[in-house]
Amino acid sequence: MSGTTDHLWGIILAGGEGKRLRPFIRSRFGSDRPKQYCTLFGSRSMLRHTLHRAERIIPPERLLTVVTRPHLDYAREELHDRPPGTVIVQPSNRETGPGILLPLLHVYQQDPKAVVVLLPADHFIAEEERFMSYVEEVAAFVATAPGCLVLLGVEPKRPEPEYGWIETGGISGYHDHAEVHHVRRFWEKPDRRTAQILYRRYDCLWNTMVIVGRAWWLLSLFKTLTPELSSLFDGLQPFIGSSIEAEAVERIYARMPVVDFSRAILAQHPPRLAVVRVKDVYWSDWGNPTQVELDLARFSHWPTSENGAEKESAIIGICA
């Protein structure tokens, strides 16, 4: 993995509003703080759990976090100790397309050979070490397969209609013992009957939205599939890292359309889009209050770090 590790970067997507869980957060904590900044499990916020998880394989200086300006007070609390230049601020939340493209330009400028892992900041993963070992394996595969974009899909635990599902196709390639499959179809929040059918099929997985690809390939997909969005950012490259970058970003976001990465890019089935089956890992996007309550009860005595560094088992729940 040494060649891959030298060019492995991460982008943590922390710019969302957490609208689905907002009533739950407000009723429990009396706060409208987005869920990624809330401590629901252990002693860390969901964002800090994601950072800690990612740093198992990605150095802190190559781990960028994208946040939104209205959340800056929360971000300063959670990200005060991050390396310089690793917190990317959007003027507003224009969905995941701009939220990925802006930090991606930062990565590419610093390392054109970068392999990039996209990581949502607000998901719950019980077996973190095992999950990140899958990410590491996928990154190694991508390093040898230019022009390949790979999603991680977890084996479903129930017929969940509120998740995105991936229907897998034939085998695209191998890395060690991992099979990399073609993506045959996406099912976004299917109805209950369809979810039951997908759950009974071995070839269907939950979409974690953890994605691995070369930086240059991701940029080319944006250029091809979202030309309007890509063209807005064309003039930003010379200003990245300069004193006037924030001003340039402000002007761009004033004209920015809302672009969802899943619909605009993944759903278009770009060439060499693939998925890896993640086994024996409990994953949840924690968007449903009922599921959050069930998971908190189930994992209330689960150690919050598999390596034993942090063993507290109480569900603390800090969001004020």
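Use the structure listed above.
This is a predicted model, so every value here is computed, not measured.

Draft legend 1. Inspection of the overall build of the protein at higher detail. Each helix and strand in the protein was counted, giving 12 helices and 11 strands. Considering only C-alpha atoms, the protein reaches an extent of 50 × 50 × 40 Å along its principal axes. Sorting the 320 residues of the protein into buried and exposed places 57% on the buried side. Once local pairs closer than 6 in sequence are excluded, the contacts in the protein between residues at least 24 apart make up 76%. On the protein, roughly 13,700 Å² of surface is accessible, and the fraction owed to carbon and sulfur atoms is 51%. The average position of the 37 basic charges and that of the 39 acidic charges among the side chains of the protein differ by 4 Å.

Draft legend 2. Structural context of helix H7 (residues 192–200). Looking only at H7, the buried set comprises Thr-194, Ala-195 and Leu-198. Projected onto a plane normal to the axis of H7, the buried residues spread over an arc of 100° and lie on a single side. H7 presents Arg-192, Arg-193 and Arg-200 as exposed residues on the side facing more than 90 degrees away from its buried surface. Between a side-chain oxygen at the N-terminus of H7 and the backbone nitrogen of Arg-193 the separation is 3.2 Å; the capping residue is Asp-191.

Draft legend 3. Quick look at the nonpolar core. With 46 residues, the main nonpolar core has Leu-47, Val-117, Phe-131, Val-135, Val-150, Leu-152 and Val-212 as its most contacted residues. When residues of this core are assigned to their parent elements, the largest contribution, eight residues, is made by helix H6 (residues 128–143). Apart from the residues lying within four places of it in its own chain, the contact partners of Phe-131 are Ile-125, Leu-152, Val-154, Thr-208, Val-210, Val-278 and Val-281. Counting residues in each nonpolar core, the second largest holds 44 residues, with Leu-101, Leu-102, Trp-217 and Phe-222 among its members.

Draft legend 4. Region of the structure containing the pattern of salt bridges. In total, this model carries 20 salt bridges according to the counting rule given. Between Glu-162 and Arg-20 there is a salt bridge, with the nearest N and O atoms lying 3.6 Å from each other. Taken as a pair, Glu-162 in the loop between strand S6 (149–154) and strand S7 (164–175) and Arg-20 in the loop between strand S1 (8–13) and helix H2 (22–29) lie far apart in primary sequence, 142 residues in all. By relative accessible area, Glu-162 is classed as partly exposed at 30%.

Draft legend 5. Broad picture of the pairing of strand S4 (residues 115–120). Burial runs high along S4: six of the six residues are buried. In S4, alternate side chains face the same way, and those of Val-115, Val-117 and Leu-119 on one face and Val-116, Leu-118 and Pro-120 on the other are all buried. Inspection of the sheet shows S1 paired to S4 by six bridges, in the parallel sense. In the sheet register, Ile-12 faces S4, and the bridge partner there is Leu-119. In this sheet, strand S9 (residues 204–214) lies alongside S4 in antiparallel orientation, the contact comprising four bridges. Opposite Val-117, over in S9, you have Val-212 as the bridge partner.

Draft legend 6. Structural view of the packing of helix H5 (residues 96–110) against helix H10 (residues 245–253). Close contact between H5 and H10 brings their axes to 13 Å; oriented N to C, the two are set at 150°. The angle between the axes of H5 and H10 places the two elements in the roughly antiparallel class. Along this stretch, H5 crosses H10, giving a crossing that reads as right-handed. Residues Pro-98, Gly-99, Leu-102 and His-106 of H5 form the contact with H10, whose own contacting residues are Glu-245, Val-249 and Tyr-253. Here the contact of H5 with H10 is composed, by residue class, of four nonpolar, two polar and one charged.

Draft legend 7. Seen up close, the pairing of S6. Burial analysis of S6 places six of its six residues in the buried class, which makes it a mostly covered element. Alternating residues of S6 divide into Leu-149, Leu-151 and Gly-153 and Val-150, Leu-152 and Val-154, and every residue in both groups is buried. In terms of strand pairing, S6 meets S9 through five bridges, oriented antiparallel. Bridging from a neighbouring strand, Leu-149 pairs with Gly-213 of S9.

Draft legend 8. Up close: the environment of Thr-39. Tracing the backbone through its elements, the reader meets Thr-39 in the loop between H2 and helix H3 (46–54). Thr-39 gets classed as buried once you look at its relative accessible area, which sits at 7%. Once the C-alpha coordinates of Thr-39 and His-49 are considered, the two residues, 10 residues apart in sequence, prove to be 9.2 Å apart. At 3.2 Å, the side chain of Thr-39 and the backbone nitrogen of Ser-45 are in polar contact.

So, how was this worked out
- Residues numbered from 1 in each chain as written.
- Predicted model: local features only at pLDDT ≥ 70, side-chain atom pairs only at ≥ 80, totals over all residues.
- Heavy atoms only, no water.
- Helix = DSSP H or I, 4+ residues; strand = E, 2+ residues; numbered from the N terminus.
- Buried < 20%, exposed > 50% of the residue type's maximum accessible area, 1.4 Å probe, protein only.
- Contact = heavy atoms within 4.5 Å.
- Areas by Shrake-Rupley, 256 points an atom, 1.4 Å probe, with all protein chains shown as cover.
- Lys, Arg positive; Asp, Glu negative; His and termini not counted.
- Charge placed at Lys NZ, Arg CZ, Asp CG, Glu CD.
- Arc of directions from axis to C-beta.
- Polar contact = N/O pair within 3.5 Å; in protein donor to acceptor, adjacent residues only side chain to side chain.
- Core = buried A, V, L, I, M, F, W, Y, C linked by side-chain atoms within 4.5 Å.
- Salt bridge = Lys/Arg side-chain N within 4 Å of Asp/Glu carboxyl O.
- Pairing = 2+ DSSP bridges.
- Axes fitted to C-alpha atoms, helices over the stretch in contact; angles between N-to-C directions.
- Parallel < 35°, antiparallel > 145°, perpendicular 65-115°, else oblique.
- Left-handed = near helix turned anticlockwise from the far one by under 90°.
- Nonpolar A, V, L, I, M, F, W, Y, C, P; charged D, E, K, R; others polar.

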